[in-house]
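# A look at the structure
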Amino acid sequence: MSFLWTWVGAAFGLTFGHSLGALILGALIGWVVDTMRHQRRRLRAQRQFVAPLFAVLGALAKADGRVSAAEISVAERMMQRFNLDAAQRAEAIARFNAGKQAGFQFAPALSELRRICAPQPQLAWAVLDVLAEVAYAEGAASPAGFQLLQQTAHALGFGDMQLLALLMMRGYAMPQGAAGAWQQQGYQQAYQQGYRQAPSARSSRPDPYAVLGVERGSDDASIKRAYRKLISQYHPDRLGDLPEELRRRAERRASEINTAWEAIKGERGIV
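The following refers to the structure shown. (Residues numbered from 1 in each chain as written. Predicted model: local features only at pLDDT ≥ 70, side-chain atom pairs only at ≥ 80, totals over all residues. Heavy atoms only, no water.)

## A short note on the overall build of the protein chain
Check the secondary structure of the protein chain and you find 12 helices and 0 strands. The linear arrangement of helices and strands in the protein chain, starting from the amino end, is α-α-α-α-α-α-α-α-α-α-α-α. When the 271 residues of the protein chain are sorted by exposure, 47% land in the buried category. Summed over all atoms, the accessible surface of the protein chain reaches about 13,000 Å², with 56% contributed by carbon and sulfur. (Helix = DSSP H or I, 4+ residues; strand = E, 2+ residues; numbered from the N terminus. Buried < 20%, exposed > 50% of the residue type's maximum accessible area, 1.4 Å probe, protein only. Areas by Shrake-Rupley, 256 points an atom, 1.4 Å probe, with all protein chains shown as cover.)

Here it is in structure tokens:
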């Protein structure tokens, strides 16, 4: 949140009021203006992604040929968490219903979501986190649902290792066929170290190397660069005007990055 008008109000009060009380009053008025501007920006940011996000959610829910009560419940929960007003909620429902239709064009909605998220990696990660929750609403993703989730991850700028990290951190299991394909692509070690076929069999914490998106055999300098790049993207000071639900998910990502880095430092003795 910017405090430009808070400072302007404080300066105005001090300049023309010549007292501490005038400075405080001016700063308070400026803070109210800043807060209102911040809320308006956040609402605008939320409105622009509601339509494509819920359309993609609908497509993910219908990927296996049916929309379950659990998937609908997750979509409803998202509407509540985003604090949608009546008009936004109606639009979200309409787009979710459109996304689950047989003739729905997935690519345009995905392109729109990618356009909105492109300037902010932390927003893209938070959106992928939301989509994964719907894909795994019933405890496991269908092969078709997983394929759509993977396609969405790629469109948002994430590679398979980053998607794998998200799945591990959330305790989601991959479809058997997908797991085998990923093992063939060179992710055997990350898969074996931090991932299992069911959340109950998985280790208490995901592989920290997968969280940072690096191979376990990477050198210290490469891992440090990966950590610094990620934490610079997901640092809370850079979250901007994300809606509260997406901000919470982005902040959780920053915490996970720091936890992974500390684990690797301890393991390797990096100072």
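Still more to cover.
## Some thoughts on the packing of helix α3 (residues 69–81) against helix α6 (residues 121–135)
With their axes 8 Å apart at the nearest point, α3 and α6 run at an angle of 150° to one another. On the basis of their axis angle, the class for α3 and α6 is roughly antiparallel. Contacts from Glu-71, Val-74, Arg-77, Met-78 and Arg-81 in α3 reach Val-130, Glu-133 and Val-134 in α6. Residue composition of the contact of α3 with α6, grouped by class: 4 nonpolar, no polar and 4 charged. (Axes fitted to C-alpha atoms, helices over the stretch in contact; angles between N-to-C directions. Parallel < 35°, antiparallel > 145°, perpendicular 65-115°, else oblique. Contact = heavy atoms within 4.5 Å. Nonpolar A, V, L, I, M, F, W, Y, C, P; charged D, E, K, R; others polar.)

## Topic: the environment of Ala-140
Along the chain, Ala-140 turns up in the loop between α6 and α7 (143–155). We classify Ala-140 as partly exposed; its relative accessible area is 45%. Put simply, Ala-140 and Ala-173 are 33 residues apart on the chain and 6.1 Å apart in space, counted from C-alpha to C-alpha.

## Some remarks on the packing of aromatic side chains
A full pass over the atoms with the stated rule returns 4 aromatic pairs. Ring centres 4.8 Å apart and planes at 10° place the aromatic pair Tyr-227 and Trp-261 in the stacked group. Here the residue Tyr-227 occupies a position in helix α11 (residues 220–234), and Trp-261 occupies one in helix α12 (residues 244–268), the gap between them amounting to 34 residues. Here Trp-261 falls in the buried class, since its relative accessible area comes to 6%. Sitting over the face of the ring of Trp-125, Arg-253 holds its NZ or CZ atom 3.8 Å from the ring centroid. (Phe/Tyr/Trp six-rings, centres within 6.5 Å; stacked < 30°, edge-to-face > 60°. Lys NZ or Arg CZ within 6 Å of the ring centre and 35° of its normal.)

## Focus on the side chain of Glu-71
As for its placement among the helices and strands, Glu-71 is situated in helix α3. Here Glu-71 is buried and forms no salt bridge, its nearest opposite-charge partner Arg-66 lying at an N-O distance of 5.6 Å. Ignoring sequence-local partners within four residues, the contact set of Glu-71 consists of Ala-61, Arg-66, Val-134, Ala-137 and Glu-138. (Lys, Arg positive; Asp, Glu negative; His and termini not counted. Salt bridge = Lys/Arg side-chain N within 4 Å of Asp/Glu carboxyl O.)

## What about the pattern of salt bridges?
With the rule as written, the count across this model stands at 13 salt bridges. Salt-bridge contacts for Asp-129 lead to Arg-170; the nearest nitrogen and oxygen are separated by 3.1 Å. You can see Asp-129 sitting in helix α6 and its partner Arg-170 sitting in helix α8 (residues 160–170), a full 41 residues away along the chain. For the residue pair Asp-129 and Arg-170, the accessibility class agrees, reading buried in each case. The partner of Asp-129 in a salt bridge is Arg-249, and the shortest N-O contact between them spans 3.4 Å. In this pair, Asp-129 sits in helix α6 while Arg-249 sits in helix α12, placing the two residues 120 residues apart along the sequence. Arg-249 sits in the buried class, given a relative accessible area of 1%. If you follow the salt bridges from partner to partner, you end up with Arg-77, Arg-81, Asp-129, Glu-133, Arg-170, Arg-249, Arg-252 and Glu-256 in one network.

## Re the environment of Ile-93
Within the fold, Ile-93 resides in helix α4 (residues 86–99). Distance in space between the C-alpha atoms of Ile-93 and Phe-54 is 7.5 Å, their sequence separation being 39 residues.

## Focus: a nonpolar patch on the surface
A contiguous nonpolar patch, built from Leu-25, Leu-28, Ile-29 and Val-32 and spanning about 360 Å² of accessible area, is present on the exposed surface. Relative to the assigned elements, Leu-28 resides in helix α2 (residues 20–62). (Patch = residues over 30% accessible without salt bridge, like charges linked within 9 Å, V, L, I, M, F, W, Y side chains within 5 Å.)

## So, the side chain of Glu-256
Along the polypeptide, Glu-256 turns up in helix α12. Judged by relative accessible area, Glu-256 falls into the buried class, the value being 15%.

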